Amino acid sequence: MFNGLHDPSLPGLLTALRSADPSERDEALTRLHRAVHVHPDTIAGLPFLFTMATDPATPDRAAIVALLVDIGREIDDAAAALRERAATFAALAADPDVRVRRAAIPALGLFRDDAQQAAVLLRERLPAEPGAAERILIVEALATLALRLPAAADDILLWFGRLAGDPAADLSTRLAAVIHRARCTPGRISDDLVPAVISLLWTITSLTPPGAPSPGDATLAGLDDGVPPEIAAAFADLERLQRVHAPTTGLLRTLHDLLGGRIIERTAVLAEQLRSPDTGWRLDAIRMSGDLMTRWRGDHADLIRLLARQVADDDPEVAAAAAAVLGSCHPIASPAREALAARVVALGPREWAAPQPRLRRAHQEAVVALARLGDDRAAPSLFTALTADVDAWRAVEAARFLPGASDLLAPLVADRLSRADHSRDRDEMGIHAMLTTLSMLGEPGTVPAIAAALTAAVRHGRAGTITAVLTALASFGPLAESALADIRPLIDSTDAEVRHAALAALSTVSRDLDEILPRLLALLDPPTSPSEAPVFSGPRSSGPAAAAEGPPGDADMAAVRAAVDVLKVIGPPAAAAVPRLRELVGGGREWVRVPCAAALWEIGGEPEAPVVIEALLSAWQRNGCVADPVVACLRRMGPSARPALPHLIAELAQSRRGDGGITDIEADERLQRACRNVIAHLGQ
């Protein structure tokens with residue numbers, strides 16, 4: 001694998017663009033793209049880049065032109081300099097090399113100041129381009145020009161209208177004219193936009209011959225053999241996401257961006273895309289379907305059913321892509337249950353280990369999606385994976401969603417955990433996944449294997465794994481009593497994360513409040529200097545755990561957070577914490593105020609309602625990321641949550657997932673259900 005350039009300065013990177021080594025050129029381009037925002041000498045290198053872009057002897061001229069356009073998009077001063085080279089871009093847009101033309105065409109809309117001349121140049125360029133991708137880029141550049149220089153907008157919009165209805169123009173160019181005309185007037189999208197697009201898509205589909213089989217599966221060239229399989233799979237998924245299979249894909253993404261939360265219209269467009277006989281069109285449409293459902297709220301049942309049909313496709317890449325999207329959208333994917341089950345059952349468990357990678361992936365994605373729906377028909381394939389040790393890491397992650405099959409799957413996961421090598425960094429991610437799965441399955445017979453993992457993690461100084469094991473043991477409550485002897489010494493660990501996790505585990509496993517409460521109360525008033533901290537022995541952490549112990553304030557608040565999470569579970573017996581909790585909910589960071597408020601409610605009850613409500617709602621208003629725990633607390637508060645009613649109604653009125661916060665489809669669907677539940681209980 002390429003190790004980087006000897007000279008990472010701007011001159012060194014520019015020189016590397018002429019290298020005979022393709023990997024060195026690629027590395028230089030990647031670094032230059034990354035440096036666009038921060039490199040102080042970027043503008044100084046523009047003349048050298050133009051010299052290379054216009055020299056036929058330069059390798060990868062198209063990539064250099066694309067870099068110039070990227071620089072101009074991102075840096076205002078550079079854009080001014082590039083406008084002085086507008087004639088050069090015009091020449092590059094007519095270059096014999098189609099890749100150079102494709103890279104240069106956007107510059108005609110971005111960097112020319114004479115709007116009329118630029119529009120004429122682009123319109124004259126259109127019939128000279130034989131490729132659909134280049135013609136679409138020309139229409140896009142005209143729209144960019146109209147948006148940048150309003151003086152040209154009226155003429156360009158009229159031209160778009162004529163082009164959209166011109167029967168002599170090819171269909172993809174007409175489609176581009178329809179969509180980019182709407183792009184130029186985003187606040188005035190007409191009702192006939194979607195019907196016009198669907199009509200053109202239908203015609204394109206009816207004239208399209210069946211496409212070639214989908215491209216081969218993602219390659220993982222350059223990855224070290226020591227990379228965990230989970231990481232390798234993530235890189236392969238990323239490579240698939242970056243593929244574009246059809247020239248109209250970027251165009252249709254523009255349309256979907258324009259339509260935003262118009263679920264019905266976007267679903268209708270996607271339905272037409274998914275009807276295409278071309279596999280590339282359908283693969284891109286499947287990805288766009290996932291983008292719609294993960295970013296926008298609404299009734300997606302029709303789109304789920306459309307994707308369910310793709311699961312049965314003869315092309316395994318199409319089937320795998322559809323199943324993967326359904327798995328990622330599992331909170332709303334119930335309408336696809338039977339389609340997923342039909343594929344899984346028809347092919348049988350042995351397909352999990354099919355020798356053909358594409359068939360194996362299609363089956364595995366369908367199994368995982370079915371498992372995430374909690375359907376036990378996925379269990380036989382997972383059993384095969386775990387017993388045959390074929391892509392078992394994927395089966396471990398899917399098994400956690402099948403508590404009904406825990407007696408079948410949990411012992412197999414526990415056996416894998418008992419054989420894990422805690423001395424190797426590459427195994428740590430898999431060990432954590434197994435612990436999470438065993439915790440969610442809750443099979444009591446697996447506690448000894450989890451406790452043994454604690455012993456091994458301590459022996460090898462794996463603080464992150466120790467914390468994960470303690471969290472898993474805590475989920476079993478008193479059923480993990482046999483592990484108390486291993487848990488107790490860790491409440492005196494020098495690692496804060498381990499110490500807090502041990503206290504949490506001890507509080508749920510032993511429930512000895514006389515032992516736990518004094519320590520928890522002490523965490524609410526953490527030491528202000530290292531000399532006051534207890535001196536303990538135990539493993540030290542790295543990564544996130546160590547970062548949590550960085551600035552004293554953050555470390556103190558992490559300790560408070562750990563304490564209140566346990567105090568909330570203890571409830572009224574922790575009444576001694578109430579005065580300090582009242583102080584903590586009065587100010588500070590939302591990620592601490594909200595759990596403190598929730599603990600105050602669980603311990604103090606109704607008398608604390610005014611303080612709790614004020615803290616929750618003010619935190620939610622300031623930081624949408626805390627919406628989930630806020631609403632969870634409101635749900636437990638019953639009638640006392642009535643002052644939050646306007647906030648709950650406003651949250652449900654949001655059409656985009658995560659507006660005002662950071663969330664995913666699973667968290668957002670949970671948040672919506674909780675809001676509706678609270679509103680219903682308040683009689684609204």
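Residues numbered from 1 in each chain as written. Predicted model: local features only at pLDDT ≥ 70, side-chain atom pairs only at ≥ 80, totals over all residues. Heavy atoms only, no water.

Draft legend 1. The pattern of salt bridges, seen in detail. A complete count under the given rule lists 44 salt bridges for this structure. Taking the shortest distance from any N to any O, the salt bridge between Asp113 and Arg83 comes out at 3.5 Å. Of the two residues, Asp113 sits in the loop between helix H7 (98-110) and helix H8 (115-125) while Arg83 sits in helix H5 (residues 76-83), which places them 30 residues apart along the sequence. Taking relative accessible area as the criterion, Asp113 reaches 52% and is therefore assigned exposed. On the basis of relative accessibility, which here comes to 30%, the residue Arg83 falls in the partly exposed class. Here Asp425 makes a salt bridge to Arg462, at a shortest N to O gap of 2.6 Å. (Salt bridge = Lys/Arg side-chain N within 4 Å of Asp/Glu carboxyl O. Helix = DSSP H or I, 4+ residues; strand = E, 2+ residues; numbered from the N terminus. Buried < 20%, exposed > 50% of the residue type's maximum accessible area, 1.4 Å probe, protein only.)

Draft legend 2. Fine view of helix H12 (residues 193-207). Counted at 1.5 Å a residue, the expected span for H12 with its 15 residues is 21 Å, and the 22 Å between its end C-alpha atoms agrees. Within H12, the full set of buried residues consists of Leu193, Val194, Val197, Leu200, Leu201, Ile204 and Thr205. What you see down the axis of H12 is that its buried residues fit within an arc of 140 degrees, all on one side. Opposite the buried face of H12, by more than 90 degrees, sit the exposed residues Trp202 and Leu207. Summarising the contacts, the buried residues of H12 are in contact with helix H11 (171-184), helix H14 (249-259), helix H15 (263-274) and helix H16 (279-295). (Expected span 1.5 Å × (residues − 1). Arc of directions from axis to C-beta. Contact = heavy atoms within 4.5 Å.)

Draft legend 3. Structural context of the packing of aromatic side chains. Per the stated rule, a full pass over the model turns up 3 aromatic pairs. Ring centres of Phe50 and Phe89 lie 5.4 Å apart, and the angle between their planes is 70 degrees; this geometry places the pair in the edge-to-face category. Here Phe50, found in helix H3 (residues 46-53), pairs with Phe89, found in helix H6 (residues 86-92); they are 39 residues apart in sequence, far enough to count as distant. The pair formed by Phe50 and Phe89 is uniform in burial state, with each residue classed as buried. An angle of 45 degrees between the planes, with centres 6.0 Å apart, marks the rings of Trp159 and Phe160 as tilted. For the residue pair Trp159 and Phe160, the accessibility class agrees, reading buried in each case. (Phe/Tyr/Trp six-rings, centres within 6.5 Å; stacked < 30°, edge-to-face > 60°.)

Draft legend 4. Representation of the packing of helix H24 (residues 428-441) against helix H26 (residues 463-476). Put simply, H24 and H26 touch, their axes get as near as 9 Å, and they point 5 degrees apart. Judged by the angle between their axes, H24 and H26 are roughly parallel. Along the contact surface, H24 presents Glu428, Ile431, His432, Leu435, Leu438 and Ser439, while H26 presents Gly464, Thr465, Ala468, Val469, Ala472, Ser475 and Phe476. Within the contact of H24 with H26, the residues separate by chemical class into 7 nonpolar, 5 polar and 1 charged. (Axes fitted to C-alpha atoms, helices over the stretch in contact; angles between N-to-C directions. Parallel < 35°, antiparallel > 145°, perpendicular 65-115°, else oblique. Nonpolar A, V, L, I, M, F, W, Y, C, P; charged D, E, K, R; others polar.)

Draft legend 5. Summary view of the environment of Pro195. Relative to the assigned elements, Pro195 resides in helix H12. Pro195 gets classed as partly exposed once you look at its relative accessible area, which sits at 46%. Measuring from C-alpha to C-alpha, the distance between Pro195 and Glu265 comes to 8.9 Å, with 70 residues separating the pair along the chain.

Draft legend 6. Structural view of the environment of Ala118. Following the sequence through the fold, Ala118 ends up in helix H8. Looking at Ala118, the relative accessible area reads 0%, which means it is buried. With 23 residues separating them along the chain, Ala118 and Ala141 place their C-alpha atoms 9.6 Å apart. Non-local contacts of Ala118, meaning those with residues more than four positions away in its chain, are made with Leu108, Arg112 and Leu145.

Draft legend 7. Main features of helix H20 (residues 357-372). Over its 16 residues, H20 runs 22 Å from end to end, which matches the ideal 22 Å to within 8%, given 1.5 Å per residue. Buried residues of H20: Arg361, Ala362, His363, Gln364, Glu365, Ala366, Val367, Val368, Ala369, Leu370 and Ala371, and no others. Phi turns positive, to about 75 degrees, at Gly374, one or two residues after H20.

Draft legend 8. A look at the side chain of Arg593. For Arg593, the location among the structural elements is in helix H33 (residues 590-604). A polar contact is formed between the side chain of Arg593 and the backbone oxygen of Val585, at a distance of 3.0 Å. With residues near it in sequence (within four places) discarded, Arg593 still touches Leu584, Val585, Gly586, Gly587, Gly588, Glu614, Ala615, Ser618, Ala619 and Arg622. (Polar contact = N/O pair within 3.5 Å; in protein donor to acceptor, adjacent residues only side chain to side chain.)

Draft legend 9. Quick look at the packing of H3 against helix H4 (residues 61-74). Viewed as axis vectors pointing N to C, H3 and H4 meet at an angle of 145 degrees, and their least axial separation amounts to 9 Å. Here the hand of the crossing between H3 and H4 comes out left-handed. Only Arg61, Ile64, Val65, Leu67, Leu68 and Ile71 of H4 make contact with H3, whose side of the interface consists of Leu46, Leu49, Phe50, Met52 and Ala53. Classifying every residue of the contact of H3 with H4 gives 10 nonpolar, no polar and 1 charged. (Left-handed = near helix turned anticlockwise from the far one by under 90°.)

Without other data, these values stay purely geometric and don't point to any function.
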